Amino acid sequence: MKKSLDEHAARFDELAAEYDGDHSTEYRACADLVVTHAEEDGAVVLDLGTGTGAIALALAPTAARVLGRDISEGMLEQARAKADEGGSDNVEFDVGSFRDPNVPEDVDVDVVVSNFAMHHLDDEAKRAAIQTIADLEPDRFVLGDVMFFGEPDPDEPFYSPEVDDPATVGMLADAFTDAGFALTAVECVHDQVGVLVGERAIGGNGA
Ligand SMILES: C[S@@+](CC[C@H](N)C(=O)[O-])C[C@H]1O[C@@H](n2cnc3c(N)ncnc32)[C@H](O)[C@@H]1O
């Protein structure tokens, strides 16, 4: 990882108040696709790297319950304020990370989502995170993120090389299948932004 968990959390604490006003067309298209692929009536949803809750709050009207998890208290505060304003009382925002999602033992998660967050991890940590997600035994995992469909143009990085560490689509696809997810959709939003959908293969999590 190019920055520690604490450094990422501190960076997002500082960005939190302005975060929602600063999105690219590609981010919006990616977020819309994540929501479309993740929507399921009555589902229990876990949103990892929830930030200010964009995906969690968009899924709340169809879900039974949504758990939003993040390492930045500043981002979580914004998310909670939006949930209060919008009357979303089936969404709970709390501290949690990719490695320790902080899901109560008695909660069965149906759908895990993550948008524009996993690229902060290095590839080894992404693999470990995807396995941790598989161990929760969701039916589906929807990942929207910065990812490379080809050789990224060094003059037009869609990310900040000093803090971000995006993977290739191939590496992520392998990590999905190694963790027991069958890859059912690969959506290219931009040659550096995409959405992957994994469905848990029948018969277990493949671990
Ligand atoms: C670019 S924001 C995306 C927020 C939101 N998912 C969205 O679509 O707007 C990335 C978020 O990932 C969080 N994050 C970074 N590393 C994380 C980790 N290891 N575990 C959980 N959250 C993390 C950051 O704190 C930040 O809120």
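Quick note: structure is the one above.
What you see is a predicted model, and the numbers here were worked out from it, not measured in a lab.

Rules behind the numbers
Residues numbered from 1 in each chain as written. Predicted model: local features only at pLDDT ≥ 70, side-chain atom pairs only at ≥ 80, totals over all residues. Heavy atoms only, no water. Helix = DSSP H or I, 4+ residues; strand = E, 2+ residues; numbered from the N terminus. Rg over C-alpha atoms; globule rule 2.2 N^0.38 Å. Buried < 20%, exposed > 50% of the residue type's maximum accessible area, 1.4 Å probe, protein only. Contact = heavy atoms within 4.5 Å. Areas by Shrake-Rupley, 256 points an atom, 1.4 Å probe, with all protein chains shown as cover. Axes fitted to C-alpha atoms, helices over the stretch in contact; angles between N-to-C directions. Left-handed = near helix turned anticlockwise from the far one by under 90°. Nonpolar A, V, L, I, M, F, W, Y, C, P; charged D, E, K, R; others polar. Pairing = 2+ DSSP bridges. Right-handed = clockwise from strand over helix to strand, strands pointing away. Near = heavy atom within 4 Å. Polar contact = N/O pair within 3.5 Å; in protein donor to acceptor, adjacent residues only side chain to side chain. Salt bridge = Lys/Arg side-chain N within 4 Å of Asp/Glu carboxyl O.

Just checking my understanding: could you explain the overall build of the protein for this structure?
Counting its regular elements, the protein contains six helices and eight strands. In sequence order, the protein lays out its α and β elements as α-α-β-α-β-α-β-β-α-β-β-α-β-β. Taking 2.2 N^0.38 as the reference for a compact globule, 207 residues should give roughly 17 Å; the C-alpha atoms of the protein span a radius of gyration of 16 Å, in line with that estimate. Seen through its principal axes, the protein has C-alpha atoms that stretch 45 × 45 × 30 Å. For the protein, the residues scored as buried account for 47% of the 207 residues in total. A sequence separation of at least 24 residues applies to 71% of the contacts in the protein between residues at least 6 apart. A total accessible area of about 9500 Å² is found for the protein, and carbon and sulfur atoms account for 46% of it.

Whenever I open this one, the packing of helix H5 (residues 123-135) against helix H6 (residues 169-178) confuses me. Can you help?
What describes two packed helices is the angle between their axes and the distance between those same axes. At a closest axis distance of 9 Å, the pairing of H5 and H6 adopts a crossing angle of 35°. Crossing hand, H5 versus H6: right-handed. Residues Asp 123, Lys 126, Arg 127, Ile 130 and Gln 131 of H5 pack against Met 171, Leu 172, Asp 174, Ala 175, Phe 176 and Asp 178 of H6. The residue makeup of the contact of H5 with H6, split by class, is five nonpolar, one polar and five charged.

Explanation requested: the pairing of strand E3 (residues 91-95) in the structure shown.
Where a strand is regular, its side chains alternate between the two sheet faces. Two strands pair when backbone bridges link them, and strand E2 (residues 65-70) and E3 are joined in this way by five bridges, in the parallel orientation. Considered in E3, the bridge of Leu 67 is made with Glu 92. This β-α-β element, E2 to helix H4 (residues 73-86) to E3, shows right-handed connectivity.

I keep staring at the site of the ligand and nothing clicks. Help me out?
Around the ligand, the surrounding shell holds 19 residues, and the nearest of these are Tyr 19, Tyr 27, Gly 49, Asp 70 and Asn 115. Separating an oxygen atom of the ligand from a side-chain N or O atom of Tyr 19 is a distance of 2.8 Å. In this structure, Asp 70 approaches the ligand through a side-chain N or O atom, which is 2.6 Å from an oxygen atom. When the ligand sits alone it has 600 Å² of accessible area, and the protein chains cover 97% of it. Per-element accounting of the shell around the ligand gives the leading share, three residues, to helix H1 (residues 5-19). Split by residue class, the shell around the ligand holds 10 nonpolar, eight polar and one charged.

Would you take a moment to explain the pattern of salt bridges for this structure?
Once the charged atoms of two side chains with opposite charge are near each other, the side chains can pair. Within this structure, the stated rule accounts for seven salt bridges. Arg 80 is paired through a salt bridge with Glu 73; the nearest N and O atoms lie 3.4 Å apart. Residue Glu 73 is classed as partly exposed on the basis of its relative accessible area, which comes to 36%. We note a salt bridge from Arg 127 to Asp 178, for which the minimum N-O separation is 3.0 Å. With Arg 127 in helix H5 and Asp 178 in helix H6, this residue pair connects regions lying 51 residues apart in the sequence. The class for Arg 127 is partly exposed, based on a relative accessible area of 34%.

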